[in-house]
Amino acid sequence: MSQQSSKKAGVGRRKFLQSAAVVGGSATASVIGGVSGAAAQPAPAPQAQRSGPAPLMPVDADPPPDVRVLTVDRAGSDFMVDVLKSLDFEYVAANPGSAFRGLHESIVNYGGNKAPELLTCCHEESSVALAHGYAAVEGKPMMVMAHSTVGLQHASMAIYNAYAGGVPVFIIVGNTLDASMRRPGAEWYHSVVDAAAMVRDYTKWDDNPVSLTHFAESSMRAYKFANTFPKGPVLIVADSELQERPMEEGGRLRIPKLTVERAPQGDSGSVAEAARMLVNATNPVIVAGDAIHTQAGMALLVELAELLQAPVQDQGGNFPSQHRLNGGGRGAIQEADVILGLDMDTMWSSVNAMSDQIHRPTRSLIREDAKLIGIGTYGLFSHGNYQNLQRYQPVDLSMTADSEATLPSLLEAIKRQLTDDRKRAFEQRGAKIAVARQRAQEQARKAATYGWDASPVSVARLSTELWAQIKGEDWALAGNRGGSLGMWNFDKRYQRLMGGDATGIGFTAPSSVGAALAHRKHGRLAVCIQTDGDLMYAPGVLWTAAHHRIPLLSVMHNNRAYHQEVMHVQRMSSRRQRNVTTSHIGNTLWDPFIDYAKLAQGLGVYSEGPITNPNDLGPALKRAIAVVKRGEPALVDVVTQPR
Ligand SMILES: Cc1ncc(C[n+]2csc(CCOP(=O)(O)OP(=O)(O)O)c2C)c(N)n1
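Each residue is numbered by its place in its chain's sequence as written, counting from 1. Reporting in this predicted model follows two pLDDT cut-offs: at least 70 for local features of residues, and 80 or more for side-chain atom pairs to be given and counted; totals over whole chains, interfaces and linings ignore these cut-offs and use all residues. The side-chain quantities take in all heavy atoms of the structure and omit both hydrogens and water.

## Brief notes about the confidence of the model for the protein
- Per residue, pLDDT captures the predictor's confidence, and it can take any value from 0 to 100. Here the protein averages 90 in pLDDT, and 89% of its residues register 70 or above.
- Within the model, pLDDT remains below 50 along residues 1-46, and this stretch shows 76 contacts once partners closer than five positions in the same chain are excluded. Any two residues whose heavy atoms approach within 4.5 Å are treated as being in contact.

## Side note on the nonpolar core
- Counting residues in hydrophobic clusters, the biggest one holds 52 residues, and the most contacted among them are Leu-130, Met-142, Ile-159, Leu-235, Leu-517 and Leu-635.
- Counting residues per element, this core draws most heavily on helix α5 (residues 148-165), which supplies 7 residues.
- Look past the residues within four positions of Leu-130 in its chain and what remains in contact with it is Leu-119, Cys-121, Met-142, Pro-510, Ser-511, Val-513, Gly-514, Leu-517, Val-541 and Thr-544.
- One finds Ala-281, Ile-286, Leu-308 and Leu-407 within the second-largest nonpolar core, a separate group that totals 38 residues. Buried residues of nine kinds, namely Ala, Val, Leu, Ile, Met, Phe, Trp, Tyr and Cys, make up a nonpolar core once their side-chain atoms join them within 4.5 Å. Under the scheme applied here, a residue whose accessible area is under 20% of the maximum for its type counts as buried, over 50% as exposed, and between as partly exposed, the area being computed with a 1.4 Å probe on protein chains only. Put simply, DSSP H or I for four residues or longer makes a helix, DSSP E for two residues or longer makes a strand, and each gets a number counted from the N terminus.

## A few points about the sheet that holds strand β12 (residues 371-376)
- By this definition, two strands are paired if DSSP reports at least two bridges between them. Spatially, β8-β7-β9-β12-β13 is the arrangement adopted by the 5 strands of the open sheet, whose pairing is parallel. The open sheet terminates on both sides in strands that have one partner only, identified here as β8 (312-314) and β13 (397-400). Taking the axes of each pair of neighbouring strands and ignoring which way they run, one obtains an average angle of 10° across the sheet.
- Note: β12 against β13, 4 bridges, orientation parallel. Bridging across to β13, Gly-376 finds its partner in Thr-400. In this analysis, axes come from line fits to C-alpha atoms, helices being fitted only over the stretch in contact, and the angle between any two N-to-C directions falls in the range 0 to 180 degrees.

## Re the site of the ligand
- For this description, a residue counts as near a given molecule or strand if any of its non-hydrogen atoms is within 4 Å of it. Close contacts around the ligand come from 17 residues, with Thr-531, Gly-533, Ala-561, His-563 and Arg-643 the closest.
- Contact between the ligand and Ile-505: a nitrogen atom at 3.0 Å from a main-chain N or O atom of the residue.
- A 3.5 Å cut-off defines polar contacts: any pair of N or O atoms within that distance qualifies, except that in protein one atom must be a possible hydrogen donor and the other a possible acceptor, and neighbouring residues in sequence count only when both atoms are side-chain atoms. Within the backbone of Gly-533, a nitrogen or oxygen atom sits 2.8 Å from an oxygen atom of the ligand.
- Residue burial considers only the protein chains on display, and all accessible areas are found by Shrake-Rupley using a 1.4 Å probe. Here the ligand has 580 Å² of accessible area as a free molecule, and 79% of this is covered by the chains.
- Looking at the shell around the ligand, the elements that each hand over two or more residues are α17 (532-535) and α19 (563-575).
- Grouping the constituent residues of the shell around the ligand by class yields 5 nonpolar, 7 polar and 5 charged. Here the nonpolar group is Ala, Val, Leu, Ile, Met, Phe, Trp, Tyr, Cys and Pro; Asp, Glu, Lys and Arg are the charged ones; every other residue, Gly included, is treated as polar.

## Some thoughts on the environment of Ala-336
- Within the fold, Ala-336 resides in the loop between α11 (329-335) and β9 (338-342).
- Once the C-alpha coordinates of Ala-336 and Ile-366 are considered, the two residues, 30 residues apart in sequence, prove to be 7.1 Å apart.
- Non-local contacts of Ala-336, meaning those with residues more than four positions away in its chain, are made with Asn-283, Val-285, Arg-367 and Ala-370.

## Details of helix α14 (residues 420-449)
- In a regular helix each residue adds 1.5 Å, so 30 residues correspond to 44 Å; α14 covers 44 Å between its end C-alpha atoms and thus fits that length.
- Phe-426, Arg-429, Gly-430, Ile-433, Arg-437, Gln-441 and Ala-448 are the residues of α14 that are buried.
- If you follow the buried residues of α14, they end up packed against α9 (268-280), β7 (284-288), α10 (295-308) and α15 (459-470).
- Once α14 finishes, Gly-451 follows within two positions and takes phi at roughly 65°, a positive value. An expected span of 1.5 Å times one less than the residue number is assigned to each helix.

## A word on the sheet that holds strand β15 (residues 525-531)
- Taken in spatial order, the 5 strands make up an open sheet running β14-β15-β16-β18-β17, and their pairing is parallel. For this open sheet the edge positions go to β14 (475-480) and β17 (606-611), each flanked by a neighbour on one side alone. On average, each strand axis in the sheet is tilted by 15° relative to the strand beside it, whichever way the strands run.
- Where strand β16 (residues 553-558) meets strand β18 (residues 634-639), 6 bridges bridge the pair, whose relative direction is parallel. Opposite His-557, over in β18, you have Val-638 as the bridge partner.
- Across the sheet, helix α21 (residues 617-629) touches β15, β16, β17 and β18, and the angle it forms with β18 is around 165°.

## As for unusual backbone geometry
- The amide bond that connects Asp-591 to the next residue, Pro-592, takes the cis arrangement and shows omega of 5°.
- Secondary-structure assignment places Pro-592 in the loop between α19 and α20 (596-602).
- The omega torsion of the bond from Gly-609 to Pro-610 falls at 5°, within 30 degrees of zero and hence cis.
- Assignment of secondary structure puts Pro-610 in strand β17.
- We note that Arg-560 has phi near 55°; this positive angle belongs to a residue other than glycine.
- Note on placement: Arg-560 falls in the loop between β16 and α19.
- Located in the positive-phi region is Asp-591, a residue other than glycine, with phi close to 50°.

This is the structure in structure tokens:
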């Protein structure tokens, strides 16, 4: 939006400023409470306590005589909003903070609280993780604002999750660099010389603009870097002076166009060589990490697998889960003579095994003569300090390129080299893989029935009951910690999140809300299998989901523990031949049990549970899904077996 055209949005501004812009006193007047967009929202859930707009707080009719009233026609932050609008942000997630009060005000008044629309978050970690979940569905960044030092400190682990997961997030941090302009007291604690320093090791790029032109250009660059493979979080410091000062650069200000980068493709020589290796292989295997970003890309990967009749070991929603070529397991890796790794920064762990024993012994899983091909962009960007790249794995042919963008030329090259003899051999191979897969599926189906009627509820029962209720819908998995999803039929790319995370716990709850937000405009039924430990880091995000009417079904896999850590302590005790029955100490969430249904209800979310009888689960899920279909979040607390 140009500076000119967005001027209209300032209607009513003077009236507002008369009561709010005071200097030397606290600008407490004219704060308006209320529920954003309430009139346009669906009816509330029966259990949720909805309040109407809060009453207007008293407005000081006349400021005290010794206080100067200053007004600003156009503040720098208005221009910042023009810049952000040009980047097409739908939402900005934030916990409020005065370091970005200028920008906050411009977003809601000058920008009309639309594109971006503010999402009220109760913790900065939730803001960033919510944006992470959104980007993992939409494939583009959401914006986050954080309050200088303290806000960024809260946000930091979620930023690391986005960095490690290769997920774009666009973060703006307020700060007051000019010491002579800092208000005495808190503003000093909340100011910093180099705001981005504390997260620089795990952001892709940052800048600290000193003019509005600088802000505009750096915002474009930041967005471009964030959304170029390998994607990641970026940070721009919006100095409070730059936000609050009147715009001085006037008509000279321009917003540069965003340049969209094309993903790099493998070079033709390497692609032809890879095709030759794959066509001539006896037992090729495809291993896919964070490789596919679109539905069209998924179709290309299916075409590749079917052309070669090769198994696909999918680590992230790249390939239809029930396709007859999905799987192959460790056996396929052990027999493979050619392994094609697509965006596999974790390739080492696919072709080696390590036992968690005292000396952590490792062994190679692959044949001595096996050849490895790697295609991926992760090598294009890395920092040294954080160790998110996993162990170094040598490969025989490596292309620094985007897998999805390279697939069309790889398919063409394979087709050119195919002979009738090879096609016949491929057919026989495919038939064998399908038989092995069917056998594995039958075993998995049988395993899911063990403990079917157990109480606490088995994780397999929880997952199966949920699947039964959603499989006829346009559904998407917005998050999962620990659900057993072997029977689920994932055949759309959006049904799973793109990218990963650093397994910094406290991620699933907020990121699933962000993912559900992205699914909302497509009308998809978003569901999440939510663990108890993860939810308890920052449960306030449930309120954010309720407040902004984000339809999400959270089904609690509530094992009343940080169970993974129970198992770790047990392992230590066994190794040392000591008491294993003490492993719950420090690791369980008992005494008292947490009532998640009540917690959710208190945060305005429809809830069911705690469910201990597995026969109650189906009907509870049905009622909760009805609420979600009305446009509200719902939570079903299921007390489960540990694993
Ligand atoms: C921020 C953070 N703190 C601690 C850990 C260590 N940790 C790994 S798994 C886990 C337990 C998580 O509990 P829950 O989400 O309930 O899952 P469960 O293991 O019980 O299935 C913890 C604390 C971590 N990964 N991240």
